[in-house]
Amino acid sequence: IQTQVTAYGGMYLFADLRPGDYGLQETPQSDWVRIHPNPIVSPVSGETMTGVNLGSVRTGLIAGLKFEDIDGDGVRDAGENGLDGWTVELLDSLTQQVIDTQITAGGGFYSFANLLPGDYDVREVLQDGWLQTLPDSGVYSITMGYNQNIGGIDFGNQLIRGQVVGMKFEDLDTNGVLDVGEPGLDGWTIELVDSSTGQVSQTQVTSGGGMYSFADIVPGEYEVREVLQSGWAQTCPVPAFYSLSVVSSDIIADIDFGNAQLGSIGGLKFEDLNGDGIPDAGEE
């Protein structure tokens, strides 16, 4: 019926109203939330009604970043990228009810907008195969004031990586099995190869009785192979490398390599002139 724009310190006035029932409502503005209901009034003839107020509060913002904490130190270092597709939840601190949910995007960013003053908790939904490194408590507890924007509510996560462990041994009986009494061989190079690229991801040299291990392996498909040394033949595995599927937090053991040292056989072919079976002088 009528529209007024507030002035003089927020005042408004609708005049020349016939007796009847009226509802009042405000037009919402960005970053504001109404805290009083829209009033319904019923003025009678000649009545001036005052104190019909509409209250709004300026809202706040909570924002942060979700990143891969490669070294697990709880700090976002150079080269540690944001992680998209992670769920972050906003909770009422008192009731622990989830108020809002956001999915990280655009390089790991998220934000909760249009927040009223109050106490909130912010937490992430942890995904399988990851450890949370930031924050230490796993959740942020925030007291939001009027018209307050709070940033830096960041979450760091480290991928739980796999491990491969094995032994390099001398296969004395060449049966391809590590038997009792067969010694480990130190100083041999073992390679971890990314199957998708064919590139060597890690290199280890056996030590401590032929032992080696690859740690901090990103989940994926790999081959493990040895660098064969001169004078040796590989007896284990057959074929000459292992094909592995490494998953988060997986420890794959007994990836062993067996080798037998090559020997030689030599002798003399001679003309046995006197037929005695012995190479005598003069028998070429």
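What this report covers is the structure whose coordinates are included nearby. It should be emphasised that the depicted structure is a prediction, and the values quoted were computed from it without experimental measurement.

What to know about the environment of Gln-132
In step 1: Assignment of secondary structure puts Gln-132 in strand E10 (residues 130-134).
In step 2: Taking the C-alpha atoms as reference points, Gln-132 and Gly-156, 24 residues apart in sequence, are found 6.0 Å from one another.
In step 3: Excluding residues within four positions of it along the chain, Gln-132 makes contact with Glu-124, Leu-126, Gly-138, Phe-155, Gly-156 and Asn-157.
In step 4: Only 3.0 Å separates the side chain of Gln-132 from the side chain of Glu-124, close enough to count as a polar contact.

Some thoughts on the pattern of salt bridges
In step 1: Counting across every chain of the model gives 6 salt bridges.
In step 2: With a closest N to O distance of 2.7 Å, Glu-89 and Arg-123 form a salt bridge. With Glu-89 in strand E6 (residues 87-92) and Arg-123 in strand E9 (residues 118-124), this pair connects stretches of sequence that are 34 residues apart.
In step 3: Relative accessible area serves as the criterion here: at 15%, Glu-89 is assigned to the buried category.
In step 4: Relative accessible area serves as the criterion here: at 31%, Arg-123 is assigned to the partly exposed category.
In step 5: Put simply, Arg-225 and Glu-191 hold a salt bridge, and the shortest N to O gap is 2.8 Å.

Remarks on the layout of surface pockets
In step 1: Considering only enclosed or pocket space, the largest pocket measures out at about 1,500 Å³ in volume.
In step 2: Along its surface, the largest pocket is lined by 40 residues, and Gln-4, Tyr-12, Phe-14, Leu-24 and Leu-54 are the ones closest to its centre.
In step 3: Looking at which element gives the most residues to the lining of the largest pocket, the answer is strand E2 (residues 32-34), with 3 residues.
In step 4: Its residues assigned to classes, the lining of the largest pocket comprises 20 nonpolar, 16 polar and 4 charged.

Things to note about unusual backbone geometry
In step 1: A cis geometry characterises the amide bond from Leu-134 onward to Pro-135, with omega recorded as 0°.
In step 2: Relative to the elements of secondary structure, Pro-135 occurs in the loop between E10 and strand E11 (139-144).
In step 3: Here Cys-236 and Pro-237 are connected by a cis peptide whose omega angle stands at 0°.
In step 4: For Pro-237, the location among the structural elements is in the loop between strand E19 (232-236) and strand E20 (241-246).
In step 5: One non-glycine residue with positive phi stands out, namely Tyr-8, at about 55°.
In step 6: Residue position: Tyr-8 is located in the segment before strand E1 (22-23).
In step 7: Overall, Tyr-8 belongs to the exposed group, its relative accessible area being 80%.

Reading guide: rules and limits
- Residues numbered from 1 in each chain as written.
- Predicted model: local features only at pLDDT ≥ 70, side-chain atom pairs only at ≥ 80, totals over all residues.
- Heavy atoms only, no water.
- Helix = DSSP H or I, 4+ residues; strand = E, 2+ residues; numbered from the N terminus.
- Contact = heavy atoms within 4.5 Å.
- Polar contact = N/O pair within 3.5 Å; in protein donor to acceptor, adjacent residues only side chain to side chain.
- Salt bridge = Lys/Arg side-chain N within 4 Å of Asp/Glu carboxyl O.
- Buried < 20%, exposed > 50% of the residue type's maximum accessible area, 1.4 Å probe, protein only.
- 1 Å grid on protein atoms, 1.4 Å probe; cavity = no way out; pocket = protein on both sides within 12 Å on 5 of 7 lines; lining within 4 Å.
- Points joined across faces, edges and corners; volume = space filled by probe spheres on them.
- Nonpolar A, V, L, I, M, F, W, Y, C, P; charged D, E, K, R; others polar.

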